[in-house]
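Survey of secondary and tertiary structure
Each chain, written out:
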Amino acid sequence: RIGVAKADSWIDYSTLEIALRDDLDAKAPRAMAVLDPLELVLTNWDDVIGAGRTEPCDAPVHPAHPERGRRRFSLGPRLWIEREDFAIDPPKGYHRLVPPRVDAGGAPLAGSRARLKYGYVIECTGYRLDTDGAVSAVEARVVPDTKSGTPGADSVKVKAAITWVGVADGVAAEVRLFDRLFTEAQPDAGGRDFKASLNPASRRVITAYVEPSLAAAQPDQKFQFERFGYFVADRVDHAPGRPVFNRITGLKDGWAK
């Protein structure tokens, strides 16, 4: 696909990304991960599910290959969700979690609803702030009889499904987010010094939470983190009790405008 005519030609990185996605999509097992964690507290859990109980959930290892089996994880009263899945003042068209509102006459309106992927529909009831005024936790209620895969799953319609990891069985992991080395597609165009276009954010290291199936990941094993892209367990630093994952590429062209 590249069609390189000269040894010193710059290769369009999007071509490599497309090839990576084409190769990994059919191979990589799926998993949920939360890269920017925000705690979600399900306030009516004890009433709906039962105190001290967790709800078993499962999902396919690969949606196109049912013969590869299913992965299993637990839904409980405390979860990690992505920080971007909650907004106090959401932009237009936002369909994830927002706190309850009031109408023009001051009457209370319900909070927004979303589905916990592979789990229940939930409705946001509020949020908590830390001493600096930042959101430290989101509160929501479980909508009974809406668990995925059950007869009542479609009884409540929602516009969004959000990924999550249970606090009880989630695994903390070091995740290295590699991005493009340069900030421009052609860093040496016009005779410029390519070093002037180096991307200072080409490597970020974060602490994320991943589903329990990844506790058994082997070095150099590749996965698709649902929603985020393809990742590989580091062949040197990844070890039992210390998972380390490197981002390979996103789910779509990271150079797109």
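In terms of helices and strands, the protein chain carries two helices and 18 strands. A principal-axis box enclosing the C-alpha atoms of the protein chain has dimensions of 65 × 50 × 35 Å. Scored against the burial criterion, the 257 residues of the protein chain give a buried share of 41%. Considering only intrachain contacts with a sequence separation of at least 6, the fraction spanning at least 24 residues in the protein chain is 60%. Roughly 14000 Å² of accessible area belongs to the protein chain as shown, and the carbon and sulfur atoms make up 53% of that amount. Charge-centre separation for the protein chain: the mean point of 36 positive side chains lies 3 Å from the mean point of 36 negative side chains.

Now for the sheet that holds strand β6 (residues 78-82). Spatially, seven strands are ordered β12-β9-β10-β11-β3-β6-β13 in an open sheet, and the strand pairing comes out mixed. At either margin of the open sheet sits one strand with a lone partner, and together these are β12 (161-162) and β13 (164-166). Sheet topology places strand β9 (residues 113-116) next to strand β10 (residues 121-129); three bridges connect them, and they run antiparallel. Following the sheet pairing, Arg115 is matched in β10 by Val121.

Calculation notes
- Residues numbered from 1 in each chain as written.
- Predicted model: local features only at pLDDT ≥ 70, side-chain atom pairs only at ≥ 80, totals over all residues.
- Heavy atoms only, no water.
- Helix = DSSP H or I, 4+ residues; strand = E, 2+ residues; numbered from the N terminus.
- Buried < 20%, exposed > 50% of the residue type's maximum accessible area, 1.4 Å probe, protein only.
- Contact = heavy atoms within 4.5 Å.
- Areas by Shrake-Rupley, 256 points an atom, 1.4 Å probe, with all protein chains shown as cover.
- Lys, Arg positive; Asp, Glu negative; His and termini not counted.
- Charge placed at Lys NZ, Arg CZ, Asp CG, Glu CD.
- Pairing = 2+ DSSP bridges.

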